[in-house]
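Close look at the chain arrangement
Letter by letter, the chains look like this.
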Amino acid sequence: MTENKHIKFIDYMRVFATICVIMSHIITNTYSYNKIEHTYIYIIFDVILNYSLVAVPIFLMITGYLLLDDRKKITLKKCFKYIYRVLIVLLFFGTIFNCVETIFDTKSFRFENFMIAFKDVCVGKSWNHMWYIYMLMCMYMILPFFRIIAANIDKHTYFIFLTVIWIINFALSSVPALDWIHDYFPIYGVYIFYLFAGDYIRKYSFEIDLSLIRKILFVLVFIASILHNFKALENLQVCLAYNGVFSSLFAICLFEYFTKKINKNNVVSKVICVISDNSFGIYIMHMIFVNFIIKFLRINFYSYENFSFIIFVFEIIIVLLCSLTVSMIMKKIPYLKKFM
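I will try to describe carefully the structure that is included in this document. (Residues numbered from 1 in each chain as written. Predicted model: local features only at pLDDT ≥ 70, side-chain atom pairs only at ≥ 80, totals over all residues. Heavy atoms only, no water.)

**Things to note about helix α5 (residues 111–122)**
Our working definition: Starting at the N terminus, helices and strands are each numbered in turn, a helix being any DSSP run of H or I of at least four residues and a strand any DSSP run of E of at least two. Multiplying 1.5 Å by the residue count of a helix minus one yields the expected span of that helix. Note on exposure labels: buried denotes an accessible area under 20% of the residue type's maximum, exposed denotes more than 50%, and partly exposed covers the range between, all computed with a 1.4 Å probe on protein chains only. When we speak of the arc, we mean the arc of directions from the helix axis to the C-beta atoms.
The end-to-end C-alpha distance of α5 is 17 Å, a good match for the 16 Å that twelve residues give at a rise of 1.5 Å each. Restricting attention to buried positions, one finds in α5 the residues Asn113, Ala117 and Val121. For α5, the buried positions fall inside an angular range of 80° around the axis, keeping them on one side. Turned more than 90 degrees away from the buried face of α5, the exposed residues are Phe111 and Lys119. Just past α5, the residue glycine 124 takes up positive phi, approximately 90°.

This is the structure in structure tokens:
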């Protein structure tokens, strides 16, 4: 969640990342809710899933690009406003989502269920996609400290700083014995890495052309996505996801591509503008429609075989449009619009 300044490439990146989030959650939730055989269709969508995971890195780099800019005056009071805004969204929507889950599970609802739902949100339990809101709140809490670092570090030291964080996180993701760190420290370094990477790309241009590297990483993500489905090579998963060696670098190259290839100041189309302005609301609301399609309507796009991709795209469009509509409606509600 960032300030809405209509910088063209940021609007396009928000829309791209928003669609990627919807794609990834449709795939993962369909797979987890149904028994899916590891056929060629499963592998194809696993590849799509691994590409779509660039969404979180892109959102965080946008946040770093905007909020670590030392030319902007962001006071402690403003940081508290960011924290308060996210906290209210977390408590309000997290409690609603937990109540919805209770209704679906028990087919009934009592007042004590509401209190349990609220308590669960307070201790970090809500729908899976809300993890990002918890993490974002932590980021805002430490934002003043991050801004001091970003404002007082030279280019060479900045690059070393980012490299060290990236190496440490790749090492952590490669050692199963250290998995507990990710569970109990939700703001572990890979998210900090992306935040600062966004600021680094804003300040400095890379001395080498990343187009070839970006293409190579695209191919490597594809190969790793295919091969990790084979039991003997399943450890290749450490090359994918947010802290994967291939996926993380691919996300960096993709972000850099957006910043250079899309003019920063030109007028952006109204459709892109509207989706970008509502990207936060879409993120919050989209899982309601994803769950409705998968759990209530029981649509499993994997089962349509050769037509799976068509059904998948149709689901993306429906979820995007429904989430966008709800977000736009919430922006019209007097008190709620302040938080959307």
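**Section: the packing of helix α1 (residues 8–33) against helix α3 (residues 55–67)**
The criterion, for reference: All axes are obtained by fitting lines to C-alpha atoms, using only the stretch in contact for helices, and the reported angles, taken between N-to-C directions, cover 0 to 180 degrees. Roughly parallel means an angle under 35 degrees; roughly antiparallel means over 145; roughly perpendicular covers 65 to 115; every other angle is labelled oblique. Crossing handedness is read from the near helix: turned anticlockwise from the far helix by less than a right angle, it gives a left-handed crossing, and turned clockwise, a right-handed one. We call two residues in contact when some of their heavy atoms are within 4.5 Å. Throughout, the ten residues Ala, Val, Leu, Ile, Met, Phe, Trp, Tyr, Cys and Pro are labelled nonpolar, Asp, Glu, Lys and Arg are labelled charged, and all others, Gly among them, are labelled polar.
At a closest axis distance of 8 Å, the pairing of α1 and α3 adopts a crossing angle of 150°. Between α1 and α3, the angle falls in the class roughly antiparallel. In this structure, the crossing between α1 and α3 has a hand that is left-handed. Within the contact between the two elements, α1 uses Phe9, Ile10, Met13, Arg14, Phe16, Ala17, Thr18, Cys20 and Val21 and α3 uses Ala55, Ile58, Phe59, Ile62, Tyr65 and Leu66. In the contact of α1 with α3, the residues fall into 13 nonpolar, one polar and one charged.

**So, a nonpolar patch on the surface**
Stated formally: The patches reported here contain residues having more than 30% relative accessible area and no salt bridge. Joining distances are 9 Å for like charges and 5 Å for nonpolar side chains (Val, Leu, Ile, Met, Phe, Trp, Tyr). Methods summary: accessible areas were calculated by the Shrake-Rupley approach with a probe of 1.4 Å, and residue burial reflects only the protein chains presented. Salt bridges, as used here, are contacts in which a Lys or Arg side-chain nitrogen is within 4 Å of a carboxyl oxygen on Asp or Glu.
Among the surface-exposed residues, Ile103, Phe109, Phe111, Phe114, Met115 and Phe118 lie close enough to one another that they form a single nonpolar patch of about 570 Å² accessible area. Counting residues per element, the nonpolar patch draws most heavily on α5, which supplies four residues. Along the chain, phenylalanine 118 turns up in helix α5.

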